[in-house]
Amino acid sequence: MANVSPELLEILRCPYCVSTTTRQPGDDPGRLTLYKEAWLVDETCGRKYPIKEGIPIMLIDEGDKWKATKAEDLPIPPPSS
């Protein structure tokens, strides 16, 4: 499935939550949680980023698509398009 290294997971953040104009409060906003080896979920803002072929798709528009979807309802594996 994802095979995202723990080192990469440690540094990845939700791009919406760390952007200049939309930066969230706190010392380390945008922390992501790996969900079922296929998604990165920001539990604060609700954005969810798919991992496709081992590559996290960290585009705000992609995270926005899945914002209203509950984590347990996310498709596994993520859709290819």
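Details of the structure are given in the entry above.
Below: a short report on this structure. These numbers come from a predicted model, not from an experiment.

**Re the overall build of the protein**
Scanning the protein from N- to C-terminus turns up 3 helices and 4 strands. Secondary structure elements of the protein occur, N-terminal to C-terminal, as α-α-β-β-β-β-α. Its C-alpha atoms give the protein principal-axis dimensions of roughly 30 × 30 × 20 Å. For the protein, the proportion of its 81 residues judged to be buried stands at 37%. Contacts in the protein between residues at least 24 apart in sequence constitute 42% of all its contacts with a sequence separation of at least 6. About 5,100 Å² of surface is accessible on the protein, with carbon and sulfur atoms providing 52% of the total. With 10 positive and 13 negative side-chain charges, the protein shows a spacing of 4 Å between the two charge centroids.

**Examining unusual backbone geometry**
For the bond from Ile 76 to Pro 77, the omega torsion is -5°, close enough to zero to count as cis. Although it is not a glycine, Glu 53 sits at a positive phi angle of roughly 55°. Inspection of the secondary structure assignment puts Glu 53 in the loop between strand 3 (48–52) and strand 4 (55–56).

**Quick notes on the pairing of strand 3**
Taken across its 5 residues, strand 3 has 5 buried, putting it largely inside the fold. The two faces of strand 3 match: Lys 48, Pro 50 and Lys 52 on one face and Tyr 49 and Ile 51 on the other face are all buried. One ladder, built from 3 bridges, connects strand 2 (residues 39–41) with strand 3; its direction is antiparallel. Considered in strand 3, the bridge of Val 41 is made with Lys 48. Hairpin geometry of strand 2 and strand 3 is characterised by an intervening segment of 6 residues between the two adjacent antiparallel strands and by a positive phi of about 90° at Gly 46. Where strand 3 lies against strand 4, 2 bridges are found, and the strand directions are antiparallel. Looking at the pairing, Lys 52 lines up with Ile 55 of strand 4. Connecting strand 3 to the antiparallel partner strand 4 that follows it, the hairpin turn spans 2 residues, and Glu 53 within it adopts a positive phi of roughly 55°.

**Points about the sheet that holds strand 2**
Read from one edge to the other, the open sheet built from 4 strands follows the order 1-2-3-4, with strand pairing classed as antiparallel. Every interior strand has two partners, whereas the edge strands, strand 1 (33–35) and strand 4, have only one.

**Some thoughts on the pattern of salt bridges**
Oppositely charged side chains are able to pair whenever their charged atoms sit close together. Following the criterion strictly, the structure yields 6 salt bridges and no others. The shortest N-O distance in the salt bridge between Glu 10 and Arg 31 comes to 3.2 Å. Residue Glu 10 is found in helix 1 (residues 6–11), and its partner Arg 31 is found in the loop between helix 2 (15–18) and strand 1; the two are separated by 21 residues along the sequence. Between Asp 28 and Arg 31 there is a salt bridge whose closest N-O contact spans 2.9 Å. Residues joined by salt bridges that share partners form a network here, namely Glu 10, Arg 13, Asp 28 and Arg 31.

Rules used in this analysis
Residues numbered from 1 in each chain as written. Predicted model: local features only at pLDDT ≥ 70, side-chain atom pairs only at ≥ 80, totals over all residues. Heavy atoms only, no water. Helix = DSSP H or I, 4+ residues; strand = E, 2+ residues; numbered from the N terminus. Buried < 20%, exposed > 50% of the residue type's maximum accessible area, 1.4 Å probe, protein only. Contact = heavy atoms within 4.5 Å. Areas by Shrake-Rupley, 256 points an atom, 1.4 Å probe, with all protein chains shown as cover. Lys, Arg positive; Asp, Glu negative; His and termini not counted. Charge placed at Lys NZ, Arg CZ, Asp CG, Glu CD. Pairing = 2+ DSSP bridges. Salt bridge = Lys/Arg side-chain N within 4 Å of Asp/Glu carboxyl O.

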